[in-house]
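What follows is the residue order along each chain.
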Amino acid sequence: GIAGFSSAGLQEDSENMKKQKNPAETAILDYIEKKFSNQNDSRLVLGPGDDAAVVRMGKSLVVLTTDELVEGTHFKDGINHPELIARKLLRINLSDLAAMGKVRPIACLAGGAFPSGFPPKWIKRFTRALADECRVFGLSLAGGNLARSGVLHVYASVFGRAEGKMIRRSGARSGDLLFNVGPLGDSRAGLEVFLEKRKSLTAVEKKLCEKFWRPRPLLEEGKILSKFSLATSMLDNSDGLLRSCEIIAKASGKKVKVLLSKDAVSPELLNYCRKKNKNWQDYAAGGGEDYGLVFTAERKKAEKIRKLIPAARVVGRVEEGRGVFIENACGKIEIFEHF
């Protein structure tokens, strides 16, 4: 998103990391989770507090998620990019389903709020692109809603059916390894390139922009982790690696130590940071909207994970204690915030 690669950080072992918090988003989410997680409804298998909700319908478990994109927060110049926005909107919702494990997408509801006088042609282009993207991922565009607003705002809710064991955020155990699969920091770099509005981009810059606008929902990887019972906890990396680790640590009541190495990030990010004279660790640990999967697993399952998901990388470990620590950072690492 546009609004935030700033205002929050996490505790570090070294002297050059300051402990900071963004209380607003955390406090609101904590309130919602505590207030509404247990609603005495046998149909609600999993309520607020995870990547998606799970509802029992007869013998089936239905997985539900919702997400949104707001101009000025998640993108700029939206009037010129209806197709890009539509594709990203669906993909970030599907990423939530992937984070729950083996889930088959079924349907999507979408809507938008638009300023007065907004061109109907934009809405038609957005809807066509969204329907096309739904077909790519095997689900239907089932309906939606339109409203008026002072700022362009689109949202979607995606429904799927659980076809395996759900993986929650709260199952990490001491001794587990911390894994990441998917990009780390590419989306943040791609956003920076996009905002420069240059007509000519290098091959590296084009790839980074693609990561920002068209994140790949890791449905197959989530399916594998569920099918073979490989992950003890998991979530999708929408807020940056350190924020994701903070969520796992808090939900599991454990300490997470992060150890980043260059083989965990893309050659494109390293190339970009080298040319810009920027710290690649800042992007990898604090950048948002990568939409990969961050998960924990027992050490004895590491070899099988590498075999089945070759792109998975160990980026830390779980220990007794509380909080998140990064062991090899150079300089302050800032964390992405949606709110």
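Residues numbered from 1 in each chain as written. Predicted model: local features only at pLDDT ≥ 70, side-chain atom pairs only at ≥ 80, totals over all residues. Heavy atoms only, no water.

Quick word on the packing of aromatic side chains
Per the counting criterion, the structure on display carries eight aromatic pairs. Relative to Trp213, the ring of Phe212 lies with its centre 5.0 Å away and its plane at 75 degrees, an arrangement referred to as edge-to-face. Classification of Phe212 as buried rests on a relative accessible area of 1%. Taken together, the ring pairs connect Phe114, Phe118, Trp122 and Phe126 into an aromatic cluster. The residue whose ring lies beneath Lys255 is Phe325, and the NZ or CZ to ring-centre distance is 5.2 Å. (Phe/Tyr/Trp six-rings, centres within 6.5 Å; stacked < 30°, edge-to-face > 60°. Buried < 20%, exposed > 50% of the residue type's maximum accessible area, 1.4 Å probe, protein only. Lys NZ or Arg CZ within 6 Å of the ring centre and 35° of its normal.)

Looking at the sheet that holds strand S5 (residues 140-148)
Judged by pairing direction, the sheet is mixed, and its six strands sit side by side in the order S1-S2-S3-S6-S4-S5 without closing on themselves. Of all the strands in the sheet, just strand S1 (44-46) and S5 have a single pairing partner and so form its edges. When strand polarity is set aside, the average angle formed by the axes of neighbouring strands in this sheet is 25 degrees. As paired strands, S1 and strand S2 (residues 53-57) are joined by two bridges and run antiparallel to one another. Paired with Leu46 across the two strands is Val54, which belongs to S2. (Pairing = 2+ DSSP bridges. Helix = DSSP H or I, 4+ residues; strand = E, 2+ residues; numbered from the N terminus. Axes fitted to C-alpha atoms, helices over the stretch in contact; angles between N-to-C directions.)

With respect to the environment of Leu260
Note that Leu260 resides in the loop between strand S9 (255-258) and helix H8 (267-276). Here Leu260 falls in the buried class, since its relative accessible area comes to 2%. For the pair Leu260 and Asn328, spaced 68 residues apart in the sequence, the C-alpha separation amounts to 6.9 Å. When sequence neighbours within four positions are dropped, the list of residues in contact with Leu260 reads Leu184, Leu241, Trp280, Gln281, Ala284, Ala285, Val315, Ile326 and Asn328. (Contact = heavy atoms within 4.5 Å.)

Side note on the nonpolar core
Membership of the largest hydrophobic core comes to 89 residues, with the highest contact counts inside it found for Val63, Trp122, Val154, Val258, Leu260 and Phe295. The element contributing the most residues to this core is helix H2 (residues 82-98), with eight residues. Apart from residues lying up to four places away in sequence, Val154 is in contact with Glu68, Leu69, Ile85, Leu89, Gly111, Gly112, Phe114, Trp122 and Phe126. (Core = buried A, V, L, I, M, F, W, Y, C linked by side-chain atoms within 4.5 Å.)

Regarding helix H4 (residues 186-196)
Counted residue by residue, H4 has nine buried out of 11 residues, so it is predominantly covered. Among the residues of H4, those classed as buried are Asp186, Ser187, Arg188, Ala189, Gly190, Leu191, Glu192, Val193 and Phe194. Once H4 ends, the next one or two residues include Lys197, with phi positive near 55 degrees.

Quick notes on the confidence of the model for the chain
Considering every residue of the chain, the mean pLDDT works out to 88; 90% of them sit at 70 or more. In the predicted structure, residues 1-21 sits below a pLDDT of 50 and forms 72 contacts with residues beyond four places in sequence or in another chain. Across residues 331-339, confidence stays below pLDDT 50; counting only partners more than four residues off in sequence or on other chains, it has 54 contacts. (pLDDT = per-residue confidence, 0-100.)

Comments concerning the sheet that holds strand S10 (residues 293-297)
Strands sit in the order S8-S10-S7-S11-S9-S12 across an open sheet of six strands; the sheet is mixed. Edge positions in the open sheet fall to strand S8 (233-236) and strand S12 (323-326), since each of these has one partner strand only. Neighbour-to-neighbour, the strand axes of this sheet turn through a mean angle of 25 degrees, independent of strand direction. Across the sheet, helix H6 (residues 219-227) is in contact with strand S7 (177-181), S8 and S10; its angle to S10 comes to roughly 15 degrees.

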